[in-house]
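Report on the structure
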Amino acid sequence: MLLLSTQPVNSSFQPALVMEMAKILMQNYCFPENLVGMQEAIQQALKSGEILQISDKKTLAAVLTAGVQGALNDPRLTVSYEPNFVPLQTQALPSLPVEQLIWLVRNSVKLDILENNVGYLRIDRIIGRETSMKLGSLLRDNIWDRVAETSSLIFDLRYSTAGELSGVPFIISYFSDGEPLIHIDTVYDRPSNTTKELWTKPSKAGKKYGEKKDVIVLTSRRTVGAAEAVAYTLKNLKRAIIVGERTAGGSVKVQKIRIAQSDFYITVPVARSVNPITGKSWEVSGVSPTVSVTAKEAFAKSKSLLAVRRSIPKVVQSISDVMRRWYAFTDRVPVLLQHLQSVDLFSVGSEGDLAVVLNHNLQSVSDDSRLIIKYTPDDVPPEVEDTLEVSSVSDDKELLRELVDATFTVEILPNNTGYLRFDTFVEWSAGAKLEELIAERVWKPLEDTSNLIIDLRNNTGGSSTSLALILSYLQDTSQRHLFFTVYDRFKNTTTEYSTLSQITGPSYGSTRGVYVLTSHYTASVGEEFAYLMQSLHFGTVVGEITSGTLMHSKTFQIEPTDITITVPFINFLDNNGEYWLGGGVVPDAIVLAEEAVEHVYEIAGFHQGLRSLIAQTGEQLEKHYAFHEMAHEASEELLSKWANGLYRSVVDFESLASQLTTDLQETSGDHRLHVFHSDIEPESLHDVPKVPTAEEAGYLIDALFKTEILPGNVGYLRVDMMADIEVVKAAGPQLVKMVWSKIVNTDALILDMRYNTGGYSTAIPYLCTYFFDAKPLRHLYTVFDRTTGNTTVVMSLPKVRGQRYGSAKAIYILTSHMTGSAAEVLIRTMKDLNRATVIGEPTAGGSLSSGTYQIGESVLYASIPNQFVLSAVTERPWNISGVEPNVPTHASAALNVAQRIITARVLKRDRGK
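Small disclaimer: the values here were computed from a predicted structure and weren't measured.

Quick word on the environment of Pro711
Structurally, the position occupied by Pro711 is in the loop between β28 (705–710) and β29 (714–719). A residue is classified by how much of its surface remains accessible, and Pro711, at 69% relative accessible area, is exposed.

So, the sheet that holds strand β37 (residues 867–871)
Read across the open sheet, the 3 strands follow the order β32-β31-β37; overall the sheet is antiparallel. Sheet topology places β32 (790–795) and β37 at the edges, where each strand pairs with a single neighbour. Between one strand and the next, the sheet's axes are offset by a mean angle of 25 degrees, whatever the strand orientation. Pairing analysis gives 5 bridges linking strand β31 (residues 779–785) to β37, with the strands arranged antiparallel. Opposite Thr782, over in β37, you have Leu870 as the bridge partner.

A closer look at the sheet that holds strand β23 (residues 563–568)
Ordered in space as β14-β23-β22, the 3 strands form an open sheet in which the pairing is antiparallel. Each edge of the open sheet carries a strand with a single partner, namely β14 (372–375) and β22 (553–558). Strand-to-strand twist of the sheet, defined as the mean angle between neighbouring strand axes without regard to direction, takes the value 20 degrees. Two strands pair when backbone bridges link them, and β22 and β23 are joined in this way by 6 bridges, in the antiparallel orientation. Residue pairing for β23: Ile558 is matched across the bridge by Ile563. Contacts from helix α9 (residues 295–326) reach β14, β22 and β23 within the one sheet, and its direction differs from that of β23 by about 20 degrees. Most of the contacts of helix α11 (residues 351–366) go to β14, to which it runs at about 170 degrees, and overall it touches β14 and β23.

Notes on the packing of aromatic side chains
Under the defined criterion, the tally for this structure stands at 34 aromatic pairs. Summarising the aromatic geometry, the rings of Tyr327 and Phe329 are spaced 5.8 Å apart at their centres and angled 65 degrees between planes, so their arrangement reads as edge-to-face. Across the pair, exposure class does not vary: Tyr327 and Phe329 are buried alike. Taken together, a centroid distance of 6.3 Å and an interplanar angle of 70 degrees make the contact between Phe771 and Tyr805 edge-to-face.

Here's the deal with the packing of α9 against α11
Closest axis-to-axis distance for the α9/α11 pair is 11 Å, and the angle between their directions is 40 degrees. In this structure, α9 crosses over α11, and the sense of that crossing is right-handed. Taken together, the residues of α11 that come into contact with α9 (itself represented by Val308, Ile312, Val315, Ile319 and Met323) are Glu351, Leu354, Leu358 and Leu362. Taken together, the residues of the contact of α9 with α11 sort by class into 8 nonpolar, no polar and 1 charged.

Some remarks on unusual backbone geometry
Put simply, Glu559 and Pro560 share a cis peptide bond, and its omega is 0 degrees. In this model, Lys775 is joined to Pro776 through a cis peptide bond whose omega is -5 degrees. Despite not being glycine, Asn713 shows a phi value in the positive range, around 55 degrees. Here Asn713 lies in the loop between β28 and β29. Positive phi, normally seen in glycine, also occurs at Asn834, with a value near 55 degrees. Within the secondary structure, Asn834 is located in the loop between α24 (822–832) and β34 (837–840).

Brief notes about the pairing of strand β19 (residues 493–498)
Strand direction decides the pairing type here: strand β18 (residues 482–488) and β19, joined by 6 bridges, are antiparallel. Pairing of Thr485 across the sheet is with Glu496, part of β19.

Some points on helix α16 (residues 596–608)
Helix length check: α16 (13 residues) gives 18 Å between terminal C-alpha atoms against 18 Å at 1.5 Å per residue, within 8%. Every buried residue of α16 is listed here: Ala596, Val600, Ile603, Ala604, Phe606 and His607. Along the axis of α16, the buried residues cluster in a sector spanning 160 degrees; they form a single face. Seen from the open side of α16, the exposed residues pointing more than 90 degrees away from its buried face are Glu598 and Gln608. If you follow the buried residues of α16, they end up packed against β17 (451–455), β20 (513–518), β21 (540–543), β26 (589–590), α17 (610–624) and α19 (653–668).

A look at the pattern of salt bridges
The tally for this structure, following the rule as stated, stands at 26 salt bridges. With a shortest N-O distance of 3.1 Å, Arg401 and Glu398 are connected by a salt bridge. Residue Arg401 and its partner Glu398 are both found in helix α12 (residues 397–407); the two are separated by 3 residues, about one turn of the helix. A salt bridge links Arg718 to Asp720, with the nearest nitrogen and oxygen atoms 3.0 Å apart. The exposure class assigned to Arg718 is partly exposed, which follows from its relative accessible area of 23%. Each member of the salt-bridge network shares a partner with another, and the members are Asp74, Arg76 and Glu283.

A closer look at the confidence of the model for the protein
In the predicted model, the protein carries a mean pLDDT of 87, and 92% of its residues have values of at least 70. The low-confidence segment residues 1–9 (pLDDT under 50) makes 17 contacts with residues lying over four places distant or belonging to another chain. A low-confidence stretch, residues 381–391 stays under pLDDT 50, and its non-local contacts, those more than four residues away or across chains, total 16 contacts.

Focus: α12
Regarding α12, the residues found buried are Leu400, Val404 and Thr407. Mapping the buried residues of α12 onto a view down its axis gives an arc of 75 degrees, with all of them on the same face. On its buried face, α12 is in contact with β15 (408–413), β16 (417–422) and α13 (432–446).

Examining the side chain of Ser858
Mapped onto the elements, Ser858 comes out in the loop between β35 (850–854) and β36 (860–865). We classify Ser858 as buried; its relative accessible area is 11%. A polar side-chain atom of Ser858 sits 3.1 Å from the main-chain amide nitrogen of Leu860. Not counting chain neighbours up to four residues away, the residues in contact with Ser858 comprise Leu613 and Phe653.

Brief notes about the packing of helix α10 (residues 333–342) against α11
Viewed as axis vectors pointing N to C, α10 and α11 meet at an angle of 145 degrees, and their least axial separation amounts to 10 Å. Crossing of α10 over α11 shows right-handed handedness. Along its contact with α10, which presents Val335, Leu336, His339 and Leu340, the element α11 presents Leu358, Asn361, Leu362, Val365 and Ser366. Grouping the constituent residues of the contact of α10 with α11 by class yields 6 nonpolar, 3 polar and no charged.

So, a negative patch on the surface
Where like charges cluster on the molecular surface, the negative patch consists of Glu594, Glu595, Glu598 and Glu602. Residue position: Glu602 is located in helix α16.

What counts, and where the lines are drawn
Residues numbered from 1 in each chain as written. Predicted model: local features only at pLDDT ≥ 70, side-chain atom pairs only at ≥ 80, totals over all residues. Heavy atoms only, no water. Helix = DSSP H or I, 4+ residues; strand = E, 2+ residues; numbered from the N terminus. Buried < 20%, exposed > 50% of the residue type's maximum accessible area, 1.4 Å probe, protein only. Pairing = 2+ DSSP bridges. Axes fitted to C-alpha atoms, helices over the stretch in contact; angles between N-to-C directions. Contact = heavy atoms within 4.5 Å. Phe/Tyr/Trp six-rings, centres within 6.5 Å; stacked < 30°, edge-to-face > 60°. Left-handed = near helix turned anticlockwise from the far one by under 90°. Nonpolar A, V, L, I, M, F, W, Y, C, P; charged D, E, K, R; others polar. Expected span 1.5 Å × (residues − 1). Arc of directions from axis to C-beta. Salt bridge = Lys/Arg side-chain N within 4 Å of Asp/Glu carboxyl O. pLDDT = per-residue confidence, 0-100. Polar contact = N/O pair within 3.5 Å; in protein donor to acceptor, adjacent residues only side chain to side chain. Patch = residues over 30% accessible without salt bridge, like charges linked within 9 Å, V, L, I, M, F, W, Y side chains within 5 Å. Areas by Shrake-Rupley, 256 points an atom, 1.4 Å probe, with all protein chains shown as cover. Lys, Arg positive; Asp, Glu negative; His and termini not counted. Charge placed at Lys NZ, Arg CZ, Asp CG, Glu CD.

Written as structure tokens, this is what we have:
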């Protein structure tokens, strides 16, 4: 190797060079884990012969550089040919005389105090720990204590191209509060194979800048090394905003190492940094700025950014004042104001950013889409605000008649369908005179129609004072309703709007169909009316989702910024006490606005047969549901809901099936009751199962059963479906041989039913019998079948195929929320008779048996549980809430819990001996 530098390139030189280079990497590269497989890669490269053909040494260096960079994906790794290279001899800073150190610091540090007490600190070299300690009082008195007196700081690292990593903790400590100490970096050095953690320093003499005041760090593409570590750490601690360019992406420590005695050198990063917050580093990739601008523009940008940040407290206070004074949800204000003070505004660099952050936080806490903070620069036109102020109407009768004729359009359409269109809601100041004209010219012509269409497709609002009048006509005059309630924060008043005590014209009543047409133009009070027709169950809304512009809000400018806050000052409560927060009304039938009238005729035709379908559903329930009294109550409740208009939102068979299912389950508390829509007659849910052949039985057993012997001679049997008794009997010999014989002689058994959703109940007595002695026979449960009226007492069987498990050995049954139907009957039986410990989740609460019944001659079908089971112990019906485990736990943990219980019981038994 001593001759490498003098010999010409030959076939033996390149392999030796490559192997020496690899040795250097193995001993010095800071990512040794990435070197796995290097030997194989070298052998492959040498075998290819490409390197052996290169005679020019500089070309060889370039090829080796490309190879090592490609293999390790690290651009810092370079190979160079430098026959005249002379290493630079640099004197360590701490060894310099104090006078030279002072001169160096004065030439690399600049401090200035700008307007508004903004500090400007430029550091071109990060001095290390030893130098900082040597110049401690000088640095403290002339730099850091002066900086501490400023209100905010611009920290300029754009020209920082040198420094020592050991100085980073001192700078970071200055911008923290001292306690607790902060882990800011971890540095791994490969040559020494050591890892060093960098932490902030405890509080010492001298002032700190602390964690509260704004700090902006300026960076450029020249910023490198320790300065990058400072910028990266302050950014990820959320202590500074980085403004400028992405930094150079230097390294903690790089060495240029001679390859043996040749004139080839390899540059290697020998240490690496890992930030404890990100798990990454600023090396190679650099520090990305928070606000990206050119280095030249960074200083001006930072000054404007600080001006924005100085305004933040005032903006937050102004927004708080507006909400405290005007927000309609007065009970929510204290929480919102408290949250506003705690919002993280670290990343805010403009008024637009501030508006976005505050808006997101307030809406997430208030859950009120009407509470809006926006950035509205001068070139954006202001939004039109909601208002309740509507000009009053003259009480002159002739003028009122003209107003009514111009506002309302009344027609009689085919099928004796009334049609009423009005594009605005008139103001009600004229009172009785106006109401008399509306009764005469609107409601009198509609008096004898079969159904009524109210067309709001072009209604953009008006006055809400006339809502109560129109709604009063759409109900029986003998009834009194609270329509809605309005709380006005401006006036601090609460007003209830109810049925008018007397109306002049004929009431349209609540028995006929009323259909409200909407479009995306329908707005303001038009939306309120559509919403109330749904919440009061007075009519069916058909058309498009409304505009969603009704907010009942007012917008305030936050001076002197371009930020506005829109605050809802009115709360609108429906008759159920529910707040309506706007956002548009979703019709019961969503169709194109221009096709709405055509769809009304289809829905009205469907509604004519609606009561009959509901009544027939109740009849099927009373005829087949296992619990007769509950069936009668549910049937009566369905008709009562229809009479009260709760089925006006139903517009087709699909929505009717959904509503019937919801009402039946809500009334009975039985989630097994289900109504569905099917265009073809569904197959029976309980067809007689096919008895398998011997070959089919083998496949069936493999699919449904899994057995295992666990430690401690514990049997494990997983059953994923409850088969019919005829299937079990047919597969009996194989079942005993392939499954039962493997576990019957265990000391305890875990029966895994977590994935068993049910099946047939006929085999349950047969399966349970295996877990009891032959004598005496055990009463397992009693079944009442509503379809036959028969009660069957289910007992264990005197004989079974193969050997019994008996009643002495412990059994543990695992359950999940999926376990259902017949599987639950087996589990509940074993639990009731104290024959098993149930571990896992409450089961689904499925039905032992359900029948499917057609509702009249329609395309609707009802799935109705027609059996219930009585406990052999309590003689009471099992409820429908599922089986509660003896030991509740997540299904995924049930097996481990069972094994721990078995182990604990064995230890207890052994100690007892």
